[in-house]
Each structure stands twice: as C-alpha cells, then as structure tokens.
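Architecture at a glance
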Amino acid sequence: MRLGMIIDYSGGFAETVELLQEYERNGLDLVAMPEAYSFDAVSQLGYIAAKTERLELMSAIFQIYTRTPSLTAMTAAGLDFVSEGRFTLGLGASGPQVIEGFHGVKYDAPLGRTREVIEICRQVWRRQPVEFEGRHYDIPLTREKGGSGLGKPLKIINHPVRSDIPISVAALGPKNVALVAELANGWQPLFFHPGKVDLAWGPSLEEGFARRDPALGELDIQLQIAFHLGEPSPEAVQAVRNQLALYVGGMGARDKNFYNQLACRYGYDAEAKEIQDLYLSGRKAEAAAAVPQELVDAVTLLGDEDAIRRQVAEFHAAGVRTFLLNPLAATAEEKVAQVRRLAEIVREVAPGSRV
C-alpha cells in the first residue's frame, strides 16, 4: 500500500504545497489534484512538480469532454515530462450538470468516450501517427465526417518520458467499473465501502478482469478518504456527514445521481431516498443528520490506532492499494505527524508496502 493526499481545490493550496516536502519525508508517496469547475488542475500540478522531487502526481480527475483525446494525451505527456516520469493521468466523465451546465458541451456516451480516449492516449504516447476511427472520435477528421480533407495523421513531436503513462479512472456505475477493470492501471472510486465491494461491484470487476491484459498488472484502487488519528472533533465528523449528504442527496439530478445509486447498491435504499428528498428540498442539515453512522464509519479512516489498524486491514483485503488522504487534524503539524504514524501502521498491517 502507499499513502497519497488529495489537495482541496476550495482553498489552502499554497499552504499544502509548502508542506509537501515535509509530508514526503514522513511517508507520503503521491499527491492528487482535483479539477471540478474550479481552477484548472494542470497549472497546479505543474507547480507541484517544480516544488517536489520524489512525490508522484495524479489528476483526480480530468473530465473527458472538454479536452480532445489528443490534447489530453499531450497534457499528460507534458506533466510527465516536467515531473520526470511521476505523473498518472486520472480521467473521469464528471456529470451532465457540470459538463452541460458549466462547459456547454453535450454529455453523452461516457462509457464509449472513456474507452476511446484511453486508446487514443496510448497511441499518442507510443509516438504513432494518430489514426483512429471510433463511434465518438475520428482522427484525422475526414471530409466525409465534416472536415476539410486536409488533415493527416501526425505523431507527437516530442518523445514522451514514458510510452505507457499510467491511467486511473474515476468510476462508480457497473459498466464503467467493468471498463476500468479491463483497461485502466488504477481506479478512483469514492465512498468505497470495503465490506460491500462484492455487493456493489463484484460482477462488474469479474467481467472486466476477464478481459484485462495481464501486462497491466494489479488494478491499483486509489481511494479518496477522510483521515484522522484519534477522536476527531465534532466539526470534522460533521464535515464528513455534510459531504456524504451533498453527494448522495444533491450531486446530480434526482434520477442521475451516481452516488445515490451507489448508496442504494450498498443496501441503504430508504436512507438514500430520505437524504435526497431532504437535500433537494433545501433541508441540508437534516439530510446530513440522516446519513447512517455505519456508512460514515465504513468510508473513512477515523479513530484510535486500533480502529485505524482494523480499517486499514479491511481496505487492504478489499483491494485498496493507495489512500488519497484528506487529513482532518486541526494544525499542519498534527496532519504531518498523523500521516507519519499512519505510514507506520500501514507497514505493520500490509508488509511490503512502499511507505
């Protein structure tokens, strides 16, 4: 197992980056940068690359709709170049509220587009002249498909540092998870319940693994997770409840909320409906209060050392190989110290871990 950190795009970027070298000395292996409808993640990842020497970098995630596949590949190759081979391309479909609401781009065929983007990226990194005819992308764009007829197959000018930059995909739906198990190096699920993996994703993972190229190796499950060693403050626990209520209750339209559907697959059908009803009616505090404590406990790393040790073992047994931590300690010094102790616990629970 390895330890990573997810950087909060809503604030604290500069302060966190200044501490990254200290985190690195205390067991951190990876830093991930989200990209919602905030600042772009590329500029911030480039800045982090310049400020660090060993830490691996990952996007969490670049959504697939607003960059062309070739630009996505170029961006990943560029970040891998400036970081000297430390970048992982994290991809995801996002959702229609962001893609259509903020970007004004049609949200369609997320599964098919993800597959084609992955295939095109790998073609670019191998420095092959890009030629692709798919259901969603045609490169070069021919006159028959609406182009001028002047396009020709081109290969990326620079030689990428690596021809096989790792690809990680954020996915929750059954078909998306099957695709991840088939094609990706890593998987970024959110609100991952280690005791209910088979219930939520078992058949999907089996289907994808049956088609997986053995050369891809083990699927690296990279889990964003709230973390606090010791009794967390009521405010920290409330922040977790608020986030769960936001995602289960309000992240997407009523019938297009992937996180609500996931809660249902975990067996929280009635609770998921109540949370969504409350949240969409504006009663956000009540929605947060309706989040089952069992779910809060299952999808976080919170508690004393014995509890953390048990939770790490459960996540490891469920296939998690990377924690993307959201440390909840009050001060920077406490956060660093808790990451250091977690690295020690991980080495105890999962011998051979990189931390």
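The structure this text deals with has already been given above.
This text gives an overview of the structure that appears in the document. None of these values were measured; they are calculated from a predicted model. (Residues numbered from 1 in each chain as written. Predicted model: local features only at pLDDT ≥ 70, side-chain atom pairs only at ≥ 80, totals over all residues. Heavy atoms only, no water.)

1. Focus: the overall build of the protein chain
- Along the backbone of the protein chain there are 14 helices and twelve strands.
- A compact globule built from 355 residues should have a C-alpha radius of gyration of about 20 Å, and the protein chain, at 20 Å, falls within 12% of that.
- A principal-axis box enclosing the C-alpha atoms of the protein chain has dimensions of 65 × 45 × 40 Å.
- The 355 residues of the protein chain split such that 53% are buried.
- Relative to all contacts within the protein chain whose residues are 6 or more apart in sequence, the contacts with residues 24 or more apart total 75%.
- Total accessible area on the protein chain stands at roughly 16,400 Å², and carbon and sulfur atoms take up 53% of it. (Helix = DSSP H or I, 4+ residues; strand = E, 2+ residues; numbered from the N terminus. Rg over C-alpha atoms; globule rule 2.2 N^0.38 Å. Buried < 20%, exposed > 50% of the residue type's maximum accessible area, 1.4 Å probe, protein only. Contact = heavy atoms within 4.5 Å. Areas by Shrake-Rupley, 256 points an atom, 1.4 Å probe, with all protein chains shown as cover.)

2. Remarks on the layout of surface pockets
- Within this model, the second largest pocket holds a volume of roughly 240 Å³.
- Taken together, 14 residues make up the lining of the second largest pocket; nearest its centre are S70, V130, L154, K155 and I156. (1 Å grid on protein atoms, 1.4 Å probe; cavity = no way out; pocket = protein on both sides within 12 Å on 5 of 7 lines; lining within 4 Å. Points joined across faces, edges and corners; volume = space filled by probe spheres on them.)

3. A word on the pairing of strand β1 (residues 2–6)
- Counting buried positions along β1 gives five out of five residues, so the element sits mostly inside the fold.
- Of the pairings in the sheet, the one linking β1 to strand β12 (residues 320–327) comprises four bridges and is parallel in character. The residue of β12 that forms the bridge with M5 is L325.
- Direction of pairing for β1 relative to strand β2 (residues 28–33): parallel, over a ladder of four bridges. Of the residues in β2, the one forming a bridge with I6 is A32. (Pairing = 2+ DSSP bridges.)

4. Considering unusual backbone geometry
- The omega torsion across A60 and I61 is 10 degrees, close enough to zero to call that bond cis.
- Following I139, the chain continues to P140 via a peptide bond in cis, the omega torsion being -10 degrees.
- Counting through the fold element by element, P140 comes out in the loop between β7 (138–139) and β8 (167–170).
- Its identity is not glycine, yet E84 carries a phi of approximately 55 degrees, on the positive side.
- Along the chain, the position of E84 falls in the loop between α3 (69–82) and β5 (87–92).
- On the basis of relative accessible area, E84 is assigned to the exposed category, the value being 69%.
- For F191, which is not glycine, the phi dihedral falls at a positive 55 degrees.
- By the secondary structure assignment, F191 is in the loop between β9 (186–188) and α7 (197–210).

5. Brief notes about the nonpolar core
- Of all hydrophobic cores here, the largest spans 106 residues; its most connected members are W125, W187, F192, W201, L301 and F323.
- With near-sequence residues (within four places) excluded, W201 lies in contact with L172, V177, W187, P189, F192, L262, R265 and Y266.
- Counting residues in hydrophobic clusters, the runner-up holds six residues, among them I6, L30, A60 and L324. (Core = buried A, V, L, I, M, F, W, Y, C linked by side-chain atoms within 4.5 Å.)

6. Remarks on the packing of helix α6 (residues 174–183) against α7
- One can describe the packing of α6 onto α7 by two numbers: an axis separation of 7 Å at closest approach and a directional angle of 35 degrees. Taken as a pair, α6 and α7 cross one another with a handedness that is right-handed. For the pair α6 and α7, contact is made by P174, V177, A178, A181 and E182 and by W201, S204, L205, E207, G208 and F209, respectively.
- Residues that form the contact of α6 with α7 fall into these classes: seven nonpolar, two polar and two charged. (Axes fitted to C-alpha atoms, helices over the stretch in contact; angles between N-to-C directions. Left-handed = near helix turned anticlockwise from the far one by under 90°. Nonpolar A, V, L, I, M, F, W, Y, C, P; charged D, E, K, R; others polar.)

7. Observations concerning the pattern of salt bridges
- Within this structure, the stated rule accounts for 25 salt bridges.
- Across the salt bridge formed by R115 and E182, the nearest N and O atoms sit 2.8 Å from each other. Separated by 67 residues along the polypeptide, R115 in helix α5 (residues 110–125) and E182 in helix α6 bring together distant segments of the chain.
- According to the relative accessible area criterion, R115 is partly exposed, its value standing at 27%.
- D277 is the partner of R254 in a salt bridge, and the nearest nitrogen-oxygen pair spans 2.7 Å. (Salt bridge = Lys/Arg side-chain N within 4 Å of Asp/Glu carboxyl O.)

8. Points about the pairing of β12
- Counting buried residues in β12 gives seven out of eight residues, a clear majority hidden from the surface.
- In this sheet, β12 lies alongside strand β10 (residues 220–229) in parallel orientation, the contact comprising seven bridges. Counterpart to Q222 in the pairing with β12 is T322.

9. Details of the side chain of Q222
- With respect to the element layout, Q222 can be found in strand β10.
- Judged by relative accessible area, Q222 falls into the buried class, the value being 3%.
- A polar side-chain atom of Q222 sits 3.1 Å from a polar atom in the side chain of D220. (Polar contact = N/O pair within 3.5 Å; in protein donor to acceptor, adjacent residues only side chain to side chain.)

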